[in-house]
Amino acid sequence: MEKQLNSNKALVVFSGGQDSTTCLFWAMERYSDVEVVTFNYGQRHALEIDIAKQIANEQGIKHHILDMSLLSQLSPNALTNHDVAITHDNNVPNTFVPARNLLFMSFAAALAYQIEAKHIITGVCETDFSGYPDCRDNFIKSLNVTINLSMDVNFEIHTPLMWLNKKETWALADALGKLDYVRNKTLTCYEGIPADGCGECPSCKLRNKGLNDYLNEKEVLS
């Protein structure tokens, strides 16, 4: 007999960054019961775990933290080793952690099974995906089928940002009434600097360009 899942319950894969925090507020508008899961995998900007804790606490959301430190043993790179300079060789940046989203989503699904959450939400995005192959729509759709078959359940994986660029992601945060919160409370910077970040790393450049584009467009339209 198929396990019954709560159709009003969602689990958000949550890093405390711009994208996942926007997804959290997206989920909170749609589901009556929302929890978040953060993965500790020895990431370069370990402060993100503290930021994620703080946001979850402020929003009154149950927060799960799973130890995924094995990833840093399997895939040492610029995202797990602060001494490695960030580069973008061969169109795939060396911040790419092989199998990261495959493992994260699989473990998120295992947790969702335990807490009986039907909906799993992740902030992956194909429009501004920085060359990461595991952020593509066809991967997520394929994984959704595989996870459901593996557990004999009917999870729904949602990707609210999949076809949005960074400007449009800021617009979504604003539509949710959370633009200032997302701007000032989140951590996206590879150097571990919250809010607007260092301004120099690839993540900051992408985030800040999107924000400036959105604010400029909003000013023109107002």
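Residues numbered from 1 in each chain as written. Predicted model: local features only at pLDDT ≥ 70, side-chain atom pairs only at ≥ 80, totals over all residues. Heavy atoms only, no water.

> Would you explain the pairing of strand β2 (residues 33-40) in this entry?
On any regular strand, side chains alternate: one points to one face of the sheet, the next to the other face. Burial analysis of β2 places six of its eight residues in the buried class, which makes it a mostly covered element. In this sheet, β2 lies alongside strand β1 (residues 6-13) in parallel orientation, the contact comprising five bridges. For valine 12, the partnering residue across the bridge sits in β2 and is valine 36. In this view, the connection linking β1 to its parallel neighbour β2 by way of helix α1 (residues 18-30) has right-handed handedness. As paired strands, β2 and strand β3 (residues 62-67) are joined by six bridges and run parallel to one another. Looking at the pairing, valine 36 lines up with histidine 63 of β3. (Buried < 20%, exposed > 50% of the residue type's maximum accessible area, 1.4 Å probe, protein only. Helix = DSSP H or I, 4+ residues; strand = E, 2+ residues; numbered from the N terminus. Pairing = 2+ DSSP bridges. Right-handed = clockwise from strand over helix to strand, strands pointing away.)

> Mind showing me how you'd approach the pattern of salt bridges here?
Pairing between side chains of opposite charge can happen when the charged atoms of each approach one another. Inspection of the entire model under this criterion finds eleven salt bridges. One salt bridge in this structure joins aspartate 19 and lysine 166, with 3.1 Å as the shortest N-O distance. A residue pair is termed long-range when its members are at least 10 positions apart, and aspartate 19 in helix α1 and lysine 166 in helix α6 (residues 166-175) qualify at 147 residues. Shared partners join several salt bridges into a network, and the residues in it are Lys9, Asp33 and Glu35. (Salt bridge = Lys/Arg side-chain N within 4 Å of Asp/Glu carboxyl O.)

> Would you take a moment to explain the UniProt feature "binding site: ATP" (unreviewed entry) in the protein for this structure?
Here the UniProt feature "binding site: ATP" (unreviewed entry) sits at Phe14, Ser15, Gly16, Gly17, Gln18, Asp19, Ser20, Thr21, Thr22, Cys23 and Leu24. Tracing the chain through its elements places glycine 17 in the loop between β1 and α1. Ignoring sequence-local partners within four residues, the contact set of glycine 17 consists of Thr186, Leu187 and Thr188. With respect to the element layout, threonine 21 can be found in helix α1. Those residues in contact with threonine 21 that lie beyond four places of it in its chain are Phe14, Gly16, Ile55, Tyr181, Val182 and Thr186. (UniProt positions renumbered as here; feature names shortened; annotations may be inferred. Contact = heavy atoms within 4.5 Å.)

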